Amino acid sequence: MKRLCDSPSVAHGANLVGLVLVRGVRRCDGVRDVLGVCGGSDLVVPPAGAGRGWGWFVLLGAFVINIVVGGTSFSFGVMYVHLLKEFQQSKSATAWVASILYCVSLLLGPVASTLTVRFGLRKVTIAAGLVTTAGFLASALAPSLWVLYFTFGVVVGAGFAVCDVTASVAVAYYFRKRRALATGLSECGTGIGTFAFPPLCEALVDTYGWRGAFVLMGGIALHVTVCGALFRPLDAFDRLAGSPVVWILRLLAQSRSVTLRR
């Protein structure tokens, strides 16, 4: 007697869906991940021609995300002067706000990648956009630098960490032949954001004050959720969703009591 998930006949079903696992894992895990039974242990890459051009919209979303993340991160110098005047703290204490932001956004990379594998690109990116927006709005109400350490440094930094990972993974996930070109184009967004956001941030501060600028930058960060919505599942998943074969395999994989005779 052996379990169904160890059967080569069920493993062969993974080949029917036209998906290839990124890393070498058991066939059973591949089938169950594709069917949505397991929590998901590995991402899958599309076969040649999958997506039918949707990858360029994914590239656009990653490009905009890099503009927002890079621009808001490297425009903190504009806010720094106003925070010095507002809280009357030392220069080093005020600079810790940006230091915590950069530290958290880089250290949480492994956590962000784990969440991406577990929940998928679209859900994680949308959630990161909401978290980042909430961090900016909370920073606008911060009564002290200690609160900014958390709202801007930790909360916004955590959102940026996830956005950095999903933007990079999404481009590599949807492109095969032009992957290097697509990755380079998406990374150009960071340079454009770094160039454009400091004067924009200065104009917002001069017009609405630093608190109002944080609110408006939170509105800009909310566009990340729209970009995340572009990271939709591939056409292969859409075609499989209503397939009777998939539903049969899903029921069989979920049933722990089903066994096959040798």
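How each quantity is defined
- Residues numbered from 1 in each chain as written.
- Predicted model: local features only at pLDDT ≥ 70, side-chain atom pairs only at ≥ 80, totals over all residues.
- Heavy atoms only, no water.
- Helix = DSSP H or I, 4+ residues; strand = E, 2+ residues; numbered from the N terminus.
- Buried < 20%, exposed > 50% of the residue type's maximum accessible area, 1.4 Å probe, protein only.
- Contact = heavy atoms within 4.5 Å.
- Areas by Shrake-Rupley, 256 points an atom, 1.4 Å probe, with all protein chains shown as cover.
- Patch = residues over 30% accessible without salt bridge, like charges linked within 9 Å, V, L, I, M, F, W, Y side chains within 5 Å.
- Salt bridge = Lys/Arg side-chain N within 4 Å of Asp/Glu carboxyl O.
- Lys, Arg positive; Asp, Glu negative; His and termini not counted.
- Charge placed at Lys NZ, Arg CZ, Asp CG, Glu CD.
- UniProt positions renumbered as here; feature names shortened; annotations may be inferred.

## Side note on the overall build of the chain
Each helix and strand counted, the chain has 12 helices and 4 strands in total. For the chain, with 262 residues in total, the buried portion stands at 43%. For the chain, the proportion of contacts with a sequence separation of at least 24, taken over those separated by at least 6, is 79%. With an accessible surface of roughly 13400 Å², the chain has 66% of that area assigned to carbon and sulfur atoms.

## Some thoughts on unusual backbone geometry
The general pattern is negative phi for most residues beyond glycine and trans for most peptide bonds. Not every positive phi belongs to a glycine, and Q88 is a case in point at roughly 55°. Examined against the element boundaries, Q88 turns out to sit in the loop between α4 (76-87) and α5 (91-107). Among the residues examined, Q88 registers a relative accessible area of 63% and is labelled exposed.

## Examining a positive patch on the surface
The grouping of R176, K177, R178 and R179 at the surface amounts to a positive patch. As for its placement among the helices and strands, R176 is situated in the loop between α8 (145-174) and α9 (179-221).

## Points about the UniProt feature "transmembrane region" (unreviewed entry) in the chain
Feature annotation in UniProt assigns "transmembrane region" (unreviewed entry) to the following positions: residues 56-81, 93-112, 124-142, 148-175 and 213-231. Here residues 124-142 runs as 89% helix and 0% strand, with 27 Å between its end C-alpha atoms. A helix fraction of 96% and a strand fraction of 0% characterise residues 148-175, whose end C-alpha atoms lie 39 Å from each other.

## So, a nonpolar patch on the surface
A contiguous nonpolar patch, built from W56, L181 and L185 and spanning about 290 Å² of accessible area, is present on the exposed surface. Looking at the element boundaries, L181 is found in helix α9. Residue class for L181 comes out partly exposed when judged on its relative accessible area of 49%.

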